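Residue-level listing of the chains:
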Amino acid sequence: MPIGSLGRSKSGRHRDADEPQPAETSHDEELTSYLAALAPDADNETTASGFGSAQVYQLRLQLMANEQLKELAAERQTSPQALATEWVMQRLEWEARQRGH
């Protein structure tokens, strides 16, 4: 049993085991944005799973930096995750050139 379900519904009352769970109908922008950032580009080679050999990193930003990233991403009509990924890739290319690779 998942933590947090402990036999109570969100309203705090007990629920019967046979009682159907309410469907999540709210739109979760953060999840949608996250999944969009994980989706492979048409140009990239990927495995059948769609993730290729990608590694997922969690990035924590200060509130002001996060807001700035969101604003810049909106101006460029992309997600903050995609913009951050693009910047990291550009920086890695720059670092490789500096090291002579």
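Preceding this paragraph is the structure being described.
Residues numbered from 1 in each chain as written. Predicted model: local features only at pLDDT ≥ 70, side-chain atom pairs only at ≥ 80, totals over all residues. Heavy atoms only, no water.

Student: Could you give me a rundown of the overall build of the protein chain, with the residues and numbers involved?
Tutor: Along its length, the protein chain carries 3 helices and 0 strands. Shown N-terminal to C-terminal, the secondary structure of the protein chain runs as helices and strands in the order α-α-α. When each of the 101 residues of the protein chain is scored for burial, the buried share is 8%. Considering only contacts within the protein chain whose residues lie at least 6 apart along the sequence, 22% involve residues at least 24 apart. Here the protein chain has roughly 9,600 Å² of accessible surface; of this, 53% comes from carbon and sulfur atoms. (Helix = DSSP H or I, 4+ residues; strand = E, 2+ residues; numbered from the N terminus. Buried < 20%, exposed > 50% of the residue type's maximum accessible area, 1.4 Å probe, protein only. Contact = heavy atoms within 4.5 Å. Areas by Shrake-Rupley, 256 points an atom, 1.4 Å probe, with all protein chains shown as cover.)

Student: Tell me about the pattern of salt bridges, and please be specific about residues and values.
Tutor: A full pass over the atoms with the stated rule returns 2 salt bridges. The salt bridge involving Lys70 is made with Glu67; its shortest N-O contact spans 3.9 Å. Here Lys70 pairs with Glu67, and both are found in helix H2 (residues 63–75), just 3 residues apart, close to one helical turn. Between Glu95 and Arg91 there is a salt bridge, with the nearest N and O atoms lying 2.7 Å from each other. (Salt bridge = Lys/Arg side-chain N within 4 Å of Asp/Glu carboxyl O.)

Student: Give a detailed account of the packing of helix H1 (residues 29–38) against helix H3 (residues 80–98), specifying residues and quantitative values.
Tutor: Relative to each other, H1 and H3 sit at 35°, their axes nearing to 8 Å. Along the contact surface, H1 presents Ser33, Tyr34 and Ala37, while H3 presents Pro80, Gln81 and Ala82. Looking at the contact of H1 with H3 residue by residue, the class counts come to 4 nonpolar, 2 polar and no charged. (Axes fitted to C-alpha atoms, helices over the stretch in contact; angles between N-to-C directions. Nonpolar A, V, L, I, M, F, W, Y, C, P; charged D, E, K, R; others polar.)

Student: How would you explain the environment of Thr78 if you had to name every residue and give the values?
Tutor: Residue placement: Thr78 occurs in the loop between H2 and H3. Setting aside residues up to four positions removed in sequence, Thr78 forms contacts with Ala73 and Leu83.

Student: Any chance you could break down H2 for me, citing the residues and the numbers?
Tutor: Taking 1.5 Å as the rise per residue, H2 with 13 residues should run 18 Å; its terminal C-alpha atoms sit 18 Å apart, in good agreement. Positive phi shows up at Gln77, right after H2, with a value of about 55°. (Expected span 1.5 Å × (residues − 1).)

Student: Quick one: what's the story with the side chain of Ser79, residue by residue and with numbers?
Tutor: With respect to the helices and strands, the residue Ser79 is situated in the loop between H2 and H3. Under the relative-accessibility criterion, Ser79 is labelled buried at 14%.

Student: So, unusual backbone geometry: which residues are in play, and what are the values?
Tutor: Phi at Gln77 is positive, roughly 55°, even though this residue is not glycine. For Gln77, a relative accessible area of 76% corresponds to the exposed category.

Student: Got a sec to walk through a nonpolar patch on the surface? Specific residues and values, please.
Tutor: A cluster of nonpolar side chains, Leu31, Tyr34, Leu35 and Val56, forms an exposed patch at the surface whose accessible area comes to about 370 Å². Counting through the fold element by element, Leu35 comes out in helix H1. (Patch = residues over 30% accessible without salt bridge, like charges linked within 9 Å, V, L, I, M, F, W, Y side chains within 5 Å.)

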